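One-letter residues, chain by chain:
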Amino acid sequence: MLFRSLLAVPAPGQGMSAMSILGGWLAGDEAPAQFRRLRPQPVHRLDQYTTGVLCFAMNPAARAKLIDQFSKHAATRTYLAYVDGKPKTPRGTWRHLLRFDEDKLRQRVVGGARDEARREGTVEAVTHFEVVEQFGPVTKLRLRLETGRTHQIRVQAAESGLPLLGDRMYHPDRGGKLIDRQALHAESLQLEHPDMHKRMTWRAPLPADLRELELQLRDRKSTRLNSSHLVISYAVFCLKKK
């Protein structure tokens with residue numbers, strides 16, 4: 001998603017799209033003359049290997065307005081995640097204080113943070129979750145960020161006993177074997193257009209690897225249900241024989 005503030009995709013009569021301009025810029029290519037004053041600038045971030053909606057502004061004024069919405073929690077971000085385990089409730093809220101390790105690569109939950117000394121250097125992370133579907137021991141969650149901390153969903157899910165499949169950093173088994181990256185997808189982003197002052201929503205469909213993961217999980221669930229049915233049928237048959 002790109003704002004000029006809003007650059008058409010493709011730009012009328014130019015044969016260029018916002019994504020082709022961004023792709024060329026990221027690759028170090030020079031844009032066509034009419035677009036050289038545009039400078040894509042990130043408004044927020046996604047963790048490496050997380051897929052989904054990502055917002056870039058095309059000028060500093062648009063970026064400042066958009067960042068202000070994020071800082072005031074006026075932008076709505078939803079994610080889909082596949083986690084190991086079953087939540088105790090079908091929906092709820094995670095609230096934690098987080099602090100980076102000394103190497104700044106990993107977040108940790110800080111417990112017992114009523115002590116002011118322990119709160120130093122921490123940030124609050126708030127995520128709302130709901131169960132979308134259950135695949136036996138694996139759960140598909142929809143999550144809405146109230147804050148936007150680095151690794152927020154991943155570290156909070158792990159702290160809650162629900163580590164993300166494929167998460168090599170926060171999963172105790174280094175993510176398992178079903179998928180080779182964290183099973184996390186930025187499903188939608190809603191915010192106010194910086195020029196039109198209109199609330200707008202962008203959505204990103206599940207990528208191929210997560211669609212394949214769902215197929216695997218459904219196949220496993222179906223196999224387990226069929227096996228359970230056979231066991232129950234056999235038990236009933238044995239009782240009838242007696």
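(A) Structural detail: the overall build of the protein chain. Looking only at helices and strands, the protein chain has 5 helices and 11 strands in total. Each of the 242 residues in the protein chain was classed as buried or not, and the buried ones make up 40%. Within the protein chain, contacts between residues separated by at least 24 positions form 61% of all contacts whose residues are at least 6 apart in sequence. Of the roughly 14100 Å² that the protein chain leaves accessible, carbon and sulfur atoms contribute 52%.

(B) Quick look at the pattern of salt bridges. Using the criterion set out here, one finds 11 salt bridges in the structure. The salt bridge partner of E187 is R142, with a shortest N-O separation of 2.9 Å. With E187 in strand β10 (residues 184–192) and R142 in strand β9 (residues 138–145), this pair connects stretches of sequence that are 45 residues apart. Overall, E187 belongs to the buried group, its relative accessible area being 13%. Of the charged contacts, one joins R154 and D167 as a salt bridge, the two residues approaching to 2.9 Å between their closest N and O atoms. Placement of R154 in helix α4 (residues 152–159) and of D167 in the loop between α4 and β10 is noted, with a sequence separation of 13 residues between them. One exposure class covers both R154 and D167, and it is buried.

(C) Representation of the pairing of strand β5 (residues 76–84) in the model. By the criterion of burial, β5 is predominantly enclosed, with 7 of the 9 residues buried. Here β5 runs beside β10; their pairing, made up of 6 bridges, is antiparallel. Looking at the pairing, L80 lines up with H185 of β10. Of the strand pairs in this sheet, β5 and β9 are connected by 8 bridges, and their pairing is antiparallel. Note that in β9 the partner of A81 across the bridge is L141.

About the thresholds
- Residues numbered from 1 in each chain as written.
- Predicted model: local features only at pLDDT ≥ 70, side-chain atom pairs only at ≥ 80, totals over all residues.
- Heavy atoms only, no water.
- Helix = DSSP H or I, 4+ residues; strand = E, 2+ residues; numbered from the N terminus.
- Buried < 20%, exposed > 50% of the residue type's maximum accessible area, 1.4 Å probe, protein only.
- Contact = heavy atoms within 4.5 Å.
- Areas by Shrake-Rupley, 256 points an atom, 1.4 Å probe, with all protein chains shown as cover.
- Salt bridge = Lys/Arg side-chain N within 4 Å of Asp/Glu carboxyl O.
- Pairing = 2+ DSSP bridges.

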